[in-house]
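Architecture at a glance
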Amino acid sequence: PVTVLSRCLQFNLKRLPVTLIGARLRHILQAEQIAFEPAAVQLLAQAGDGSMRDALSLLDQLLAYGAGGVLEADARAMLGTVERGHVVRIAELLARADGPGLLEYADTLEQRSPEDVVLWQQLAALLERVALKQLVPAFEGDELHPDELLARLAVLIVPEDVQLFYQTAILGRRDLALAPDARTVFRMSLIRMLAFRPASAG
C-alpha cells in the first residue's frame with residue numbers, strides 16, 4: 001500500500017559488473033590461500049548475474065563440489081556450461097562453411113546433452129568478443145576468451161559472418177520456446193548461419 005511505502009526507506013541496488021565480482025572472488029580466494037583457476041572464477045562471476053551474494057554462494061557450492069578446489073572443469077560441470085572447446089569448434093566449422101561437419105558435430109554435442117540456452121549464450125559471447133577483437137585489435141579478451149583464441153578467430157571468420165552468426169545465435173535462443181524441440185532449434189539455427197551467408201563469403 002502507498003501509505004506503507006511512503007514510510008519506507010527504499011534502496012535501488014544496481015547490478016555489479018562481472019569484473020568487480022571476479023576481482024572480489026579472487027581477493028577472497030587469495031586471502032584464504034585457496035588455489036584457483038582464473039577461468040573458474042570468471043564463470044562464477046558471470047553466473048552471479050550482477051549479485052555479489054549469489055556469486056559468493058556459488059563459490060561456496062563449488063568449494064564443496066570440487067572438494068576444496070576452484071577448477072574450471074568443476075565450475076562448468078556444476079553450472080551446466082559447455083566446455084570451451086566445443087563452442088570454439090562450432091565457430092571454426094561455421095567459418096569454414098562445413099555443413100556436413102557442423103551437423104555431425106551437433107549430433108555429437110546432443111549426445112553429451114548440453115543445455116541449449118547455455119550453449120547459445122556461450123556462442124554469442126564468443127562471437128561478441130571476436131567482433132571486438134576485429135574492431136579493436138588491442139582488445140585482449142578475458143579468462144574465458146584468451147587473446148590468442150580471439151586473434152585466430154578474428155582472422156578465420158570475416159566480420160560480416162561474425163555479425164550474422166551472432167544475430168542468428170540470439171534468435172535461436174528466442175526460438176527455443178516456440179520450436180517442437182531444442183534439437184530442431186539447434187540444427188536449424190546452424191543451418192541458417194550458413195544459408196544466409198553472403199554469396200561472396202567463403
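Scroll up for the structure.
For every chain, the first residue of the written sequence is number 1, and numbering continues from 1 onward in sequence order. Owing to the predicted nature of the model, reporting of local features is limited to residues with pLDDT of at least 70; listing and counting of side-chain atom pairs is limited to 80 or more, with chain, interface and lining totals taken over all residues. Derived side-chain values reflect all non-hydrogen atoms in the structure, with water molecules and hydrogen atoms excluded from consideration.

Here we look at the overall build of the chain
When helices and strands are tallied, the chain shows 11 helices and 0 strands. Listing every helix and strand of the chain by position from the N terminus yields α-α-α-α-α-α-α-α-α-α-α. Along the first, second and third principal axes, the C-alpha set of the chain runs to 60 × 50 × 35 Å. The buried share of the chain, reckoned over its 202 residues, is 40%. Residue burial considers only the protein chains on display, and all accessible areas are found by Shrake-Rupley using a 1.4 Å probe. For the chain, the accessible area works out to roughly 11,500 Å², and carbon and sulfur atoms hold 56% of it. With 20 positive and 25 negative side-chain charges, the chain shows a separation of 5 Å between the mean positions of the two kinds. Where helices and strands are cited, they refer to DSSP runs of H or I of at least four residues and of E of at least two residues respectively, numbered from the N terminus. Three labels apply to residues, based on accessible area from a 1.4 Å probe with only protein chains included: buried if under 20% of the type maximum, exposed if over 50%, partly exposed otherwise in between. Charged residues are defined narrowly, with Lys and Arg counted positive, Asp and Glu counted negative, and His plus the chain ends left uncounted. Note that the charge is assigned to NZ on lysines, CZ on arginines, CG on aspartates and CD on glutamates.

What about the pattern of salt bridges?
A pairing counts as a salt bridge when a side-chain nitrogen of Lys or Arg comes within 4 Å of a carboxyl oxygen of Asp or Glu. Scanning all chains against the criterion turns up 12 salt bridges. The residue Glu92 makes a salt bridge to Arg152 at a minimum N-O spacing of 2.6 Å. With Glu92 in helix α6 (residues 84-95) and Arg152 in helix α9 (residues 147-156), this residue pair connects regions lying 60 residues apart in the sequence. Arg152 gets classed as partly exposed once you look at its relative accessible area, which sits at 39%. Residues Asp147 and Lys133 are paired through a salt bridge, measuring 2.5 Å at the closest nitrogen-oxygen approach. Residue Asp147 is found in helix α9, and its partner Lys133 is found in helix α8 (residues 116-135); the two are separated by 14 residues along the sequence. Look at Asp147 and you get partly exposed, because its relative accessible area is 29%. Through salt bridges with shared partners, one network takes in Glu72, Arg76 and Arg84.

Topic: the packing of aromatic side chains
Between the rings of Phe, Tyr and Trp (Trp by its six-membered ring), a pair exists once the centres lie within 6.5 Å; its type follows the angle of the planes, with under 30 degrees stacked, over 60 edge-to-face, and the other angles tilted. Applying the stated criterion to the full structure yields 1 aromatic pair. Pairing Trp120 with Phe186 gives two aromatic rings, centres 5.6 Å apart and planes at 70°, and the pair type is edge-to-face. Placement of the pair is Trp120 in helix α8 and Phe186 in helix α11 (residues 182-195), with a sequence separation of 66 residues. Of the residues examined, Trp120 reaches a relative accessible area of 1% and is grouped as buried.

With respect to the side chain of Glu92
Glu92 gets classed as buried once you look at its relative accessible area, which sits at 13%. Whenever a nitrogen or oxygen atom comes within 3.5 Å of another N or O atom, the pair is scored as a polar contact, on the condition that within protein one atom can donate a hydrogen and the other can accept it, and that pairs from neighbouring residues in sequence are kept only if both atoms are in side chains. A polar contact is formed between the side chain of Glu92 and the side chain of Arg152, at a distance of 2.6 Å. Any two residues whose heavy atoms approach within 4.5 Å at even a single point are treated as in contact. When residues no more than four places from it in sequence are discounted, the contact partners of Glu92 are Arg152, Leu153 and Leu156.

Some remarks on the layout of surface pockets
Of the grid points, spaced at 1 Å and generated over the protein atoms alone, those admitting a 1.4 Å probe that cannot get out make up cavities, while open sets with protein on both sides within 12 Å along at least five of seven lines make up pockets; any residue with an atom within 4 Å of a point is treated as lining. Grid points are joined across faces, edges and corners, and a volume is the space filled by probe spheres set on the points. Here the largest pocket is characterised by a volume of approximately 450 Å³. If you go around the largest pocket, you meet 19 residues; those closest to its centre are Gln46, Thr81, Val118, Gln121 and Gln122. Elements supplying a minimum of two residues to the lining of the largest pocket: α3 (38-47), α5 (72-79), α6 and α8. When residues of the lining of the largest pocket are assigned to their parent elements, the largest contribution, 6 residues, is made by α8. Residues are grouped as follows: Ala, Val, Leu, Ile, Met, Phe, Trp, Tyr, Cys and Pro are nonpolar; Asp, Glu, Lys and Arg are charged; all remaining types, including Gly, are polar. Across the lining of the largest pocket, the residue classes tally to 10 nonpolar, 5 polar and 4 charged.

Digging into the nonpolar core
Joining through side-chain atoms within 4.5 Å is the link that ties buried Ala, Val, Leu, Ile, Met, Phe, Trp, Tyr and Cys residues into a set, and such a set is a nonpolar core. Ranked by size, the top nonpolar core spans 35 residues in total, and within it Ile90, Trp120, Leu123, Leu126, Phe186, Leu190 and Met193 carry the most contacts. Put simply, the parts of the chain that give this core at least two residues each are α6, α7 (99-111), α8, α9, α10 (159-175) and α11. In terms of residue count, the dominant contributor to this core is α8 (8 residues). Not counting the four nearest positions on each side in its chain, Ile90 is found in contact with Leu102, Tyr105, Leu109, Leu119, Leu123, Phe186 and Leu190. If you look at the next biggest cluster of nonpolar residues, it comprises 18 residues, including Leu29, Ala39, Val41 and Met52.

Let's talk about helix α4 (residues 52-65)
Each helix should span, by expectation, one fewer than its residue count multiplied by 1.5 Å. An ideal rise of 1.5 Å per residue puts 20 Å on 14 residues; α4 measures up with 20 Å between its terminal C-alpha atoms. As for α4, its buried residues are in contact with α2 (18-31), α3 and α5. Trailing α4 by a residue or two, Ala67 shows a phi angle of about 55°, which is positive.

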